[in-house]
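Results of the structural survey
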Amino acid sequence: MNKTMLIMPNLAIYTVAILVSVLFPRLSLAHAIEDDLLLSALKLEQPIRLCGETVPADDPQVLERFEKEMLVAMGNRPQVILWLKRTTRYFPYIEQMLRENGLPDDLKYLAVAESALRMHAGSSKGAMGVWQLMPQTARKYGLVVDDNFDERRNLYLSTPAALTYLKALYERFGSWSLSLAGYNMGEEGLEAEILEQGVTNYYQLYLPLETQRFVFRILAIKRIVEAPRNHGFELSASDFYTPETFSTVRVNAFTDLPLRLIANAARTDFKTVKEFNPEIRGHYLAAGTRNVNIPDDGEAGFHDRLAALIEADAKIRSQRVYVVKEGDSLSGIAQKFEVPLAALLIWNRIGLSNVIHPGQRLVIFPAAGGIKTDLKDIEGDENG
């Protein structure tokens, strides 16, 4: 190949670079500022500590692992901004619980590392919630995880369980770095590696790659959240999300209770009830006695309104019963009454795969103004 042909592409690249720096000086300046921020984020003016334990950053390999997680975190600015904005909503409660349990304040950063403080965060392995608890671990520490409730999704229910689990890990391993590693990979797996490798120092253990990064990810989050301005995040007080405020009422449900009735009794909407009670699955509160969070202004008179709504709903339901006939199907019934099939399933607490039988009773709320079917098919309609 001709030397001129080899030189030309490189010359073109250099020419473009010069033109960009001349024509777009602000872009070049922005890149320079960004580089400065990234480099300054790696400077260690004092020892790094996590949960009161010193991180051996004088070890070149440890330092490199820390720097990697700092750069990865800093490279995802939108995610960091969301971390910061959510801290004012959720950290006050977590910090209070840590104090009450005599645990290090730094453990709050574990929740950020696990879920970015998202209630419905889930993993492919089955972990769920802010603390990313597995079902068996959640049940072991007192949480309900079944078809009706998943208490891992509720910060105020799952935090005590997560902290009890962390206490147990610390009692077992005697250091917070190992406890956090055990939280990530499972205590049995971690203990097996400790026994096999003959090492009791997290920073010297060869562990699954995710676990090798995990403590350093928490360290990076701590460093950024504790001093956001030092890392280029200029948020004012009004930028942060406001803390959640709600009242808690005791609901006694003799049968599965539609959440829309609770929402109406609380003078709010279905969405708000679900957001205040993320552990409730589906559209109903399962029969039994349970605390439910509602807006503060909906507490006064709530129980009287709920009782009246339950009575009215029971009467309406009794007048909106369709008796399944031979040859009927769920989709056919939905089409007959011009209602969404999904609504029919919700009203009757059944799944699409359920088999219906002649004589079975289904509740149907016909859409107003769009009914072409003879409503005599619905029991009691002619009387009410």
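Here's what I pulled together on the structure shown here.

**Describing the environment of asparagine 293**
Inspection of the secondary structure puts asparagine 293 in strand S6 (residues 288-294). A C-alpha to C-alpha distance of 5.6 Å links asparagine 293 and serine 247, two positions 46 residues apart in sequence. Apart from residues lying up to four places away in sequence, asparagine 293 is in contact with Asn154, Phe246, Ser247, Thr248, Phe276 and Asn277. Reaching out from asparagine 293, the side chain makes a polar contact with the side chain of threonine 248 at a distance of 2.8 Å. Side-chain polar atoms of asparagine 293 contact the backbone oxygen of phenylalanine 276, separated by 3.2 Å.

**Describing helix H5 (residues 108-115)**
With eight of eight residues buried, H5 lies mostly within the body of the structure. If you check which residues of H5 are buried, you get Lys108, Tyr109, Leu110, Ala111, Val112, Ala113, Glu114 and Ser115. The inward-facing, buried residues of H5 contact helix H4 (77-100), helix H7 (155-173), helix H8 (176-185) and helix H10 (209-226). Phi for alanine 116, located one or two positions after H5, is positive at around 60°.

**Side note on the side chain of arginine 86**
Mapped onto the elements of the fold, arginine 86 is located in helix H4. Here arginine 86 sits buried without a salt bridge, and the closest side chain of opposite charge, glutamate 244, lies 11 Å off (N-O distance).

**Topic: the packing of H8 against helix H9 (residues 187-197)**
The geometry of H8 relative to H9 is characterised by a closest axis approach of 7 Å and an angle of 125° between their N-to-C directions. With respect to their mutual orientation, H8 and H9 come out oblique. Where H8 approaches H9, its residues Leu178, Ala181, Gly182 and Met185 are matched on the opposing element by Glu187, Gly189, Leu190, Glu193 and Ile194.

**Description of the packing of aromatic side chains**
Within the structure shown, the criterion is met by twelve aromatic pairs. Their ring planes at 65° and their centres at 4.8 Å tell us that tyrosine 93 and tyrosine 156 sit as a pair that is edge-to-face. Residue tyrosine 93 is located in helix H4, and its partner tyrosine 156 is located in helix H7; the two are separated by 63 residues in the primary sequence. Of the residues examined, tyrosine 93 reaches a relative accessible area of 17% and is grouped as buried.

**Topic: unusual backbone geometry**
With a phi angle near 60°, alanine 116 is a residue other than glycine that sits in the positive phi range. When you line up the elements, alanine 116 lands in the loop between H5 and helix H6 (135-140). By relative accessible area, alanine 116 is classed as buried at 7%. Residues other than glycine seldom take positive phi values, yet glutamine 132 does so here, at roughly 50°. Structurally, glutamine 132 is set in the loop between H5 and H6.

**Regarding the packing of H4 against H5**
In the contact formed by H4 and H5, the axes pass within 9 Å of each other and the chain directions differ by 135°. What the angle tells us is that H4 and H5 run oblique. In the packing of H4 onto H5, the handedness of the crossing is right-handed. In this structure, H4 uses Trp83, Phe91, Ile94, Glu95 and Leu98 to contact H5, whose residues at the interface are Lys108, Tyr109, Ala111 and Val112. Residue composition of the contact of H4 with H5, grouped by class: seven nonpolar, no polar and two charged.

**Looking at the pattern of salt bridges**
Close approach of charged atoms allows side chains with opposite charge to pair. Taken as a whole, this structure holds 14 salt bridges when the rule is applied. Where arginine 229 meets glutamate 234, a salt bridge forms, and the shortest distance between an N and an O atom there is 3.4 Å. On the accessibility criterion, arginine 229 (57% relative accessible area) is exposed. The exposure class assigned to glutamate 234 is exposed, which follows from its relative accessible area of 57%. The partner of aspartate 313 in a salt bridge is arginine 260, and the shortest N-O contact between them spans 3.1 Å. Here the residue aspartate 313 occupies a position in helix H13 (residues 302-318), and arginine 260 occupies one in helix H11 (residues 259-265), the gap between them amounting to 53 residues. Among the charged side chains, a network of salt bridges with common partners joins Glu95, Asp105 and Lys108.

**So, the side chain of asparagine 277**
With respect to the helices, strands and loops of the structure, asparagine 277 is situated in the loop between helix H12 (270-276) and strand S5 (284-285). Not counting the four nearest positions on each side in its chain, asparagine 277 is found in contact with Asn291, Val292 and Asn293.

**A word on the pairing of strand S3 (residues 247-253)**
Of the two faces of S3, only the one carrying Ser247, Val249, Val251 and Ala253 is buried; Thr248, Arg250 and Asn252 on the other face are not. Pairing analysis gives seven bridges linking S3 to S6, with the strands arranged antiparallel. Looking at the pairing, valine 251 lines up with arginine 290 of S6.

Rules behind the numbers
Residues numbered from 1 in each chain as written. Predicted model: local features only at pLDDT ≥ 70, side-chain atom pairs only at ≥ 80, totals over all residues. Heavy atoms only, no water. Helix = DSSP H or I, 4+ residues; strand = E, 2+ residues; numbered from the N terminus. Contact = heavy atoms within 4.5 Å. Polar contact = N/O pair within 3.5 Å; in protein donor to acceptor, adjacent residues only side chain to side chain. Buried < 20%, exposed > 50% of the residue type's maximum accessible area, 1.4 Å probe, protein only. Lys, Arg positive; Asp, Glu negative; His and termini not counted. Salt bridge = Lys/Arg side-chain N within 4 Å of Asp/Glu carboxyl O. Axes fitted to C-alpha atoms, helices over the stretch in contact; angles between N-to-C directions. Parallel < 35°, antiparallel > 145°, perpendicular 65-115°, else oblique. Phe/Tyr/Trp six-rings, centres within 6.5 Å; stacked < 30°, edge-to-face > 60°. Left-handed = near helix turned anticlockwise from the far one by under 90°. Nonpolar A, V, L, I, M, F, W, Y, C, P; charged D, E, K, R; others polar. Pairing = 2+ DSSP bridges.

So, to be careful, I would describe these as geometric facts and stop short of saying anything about function.
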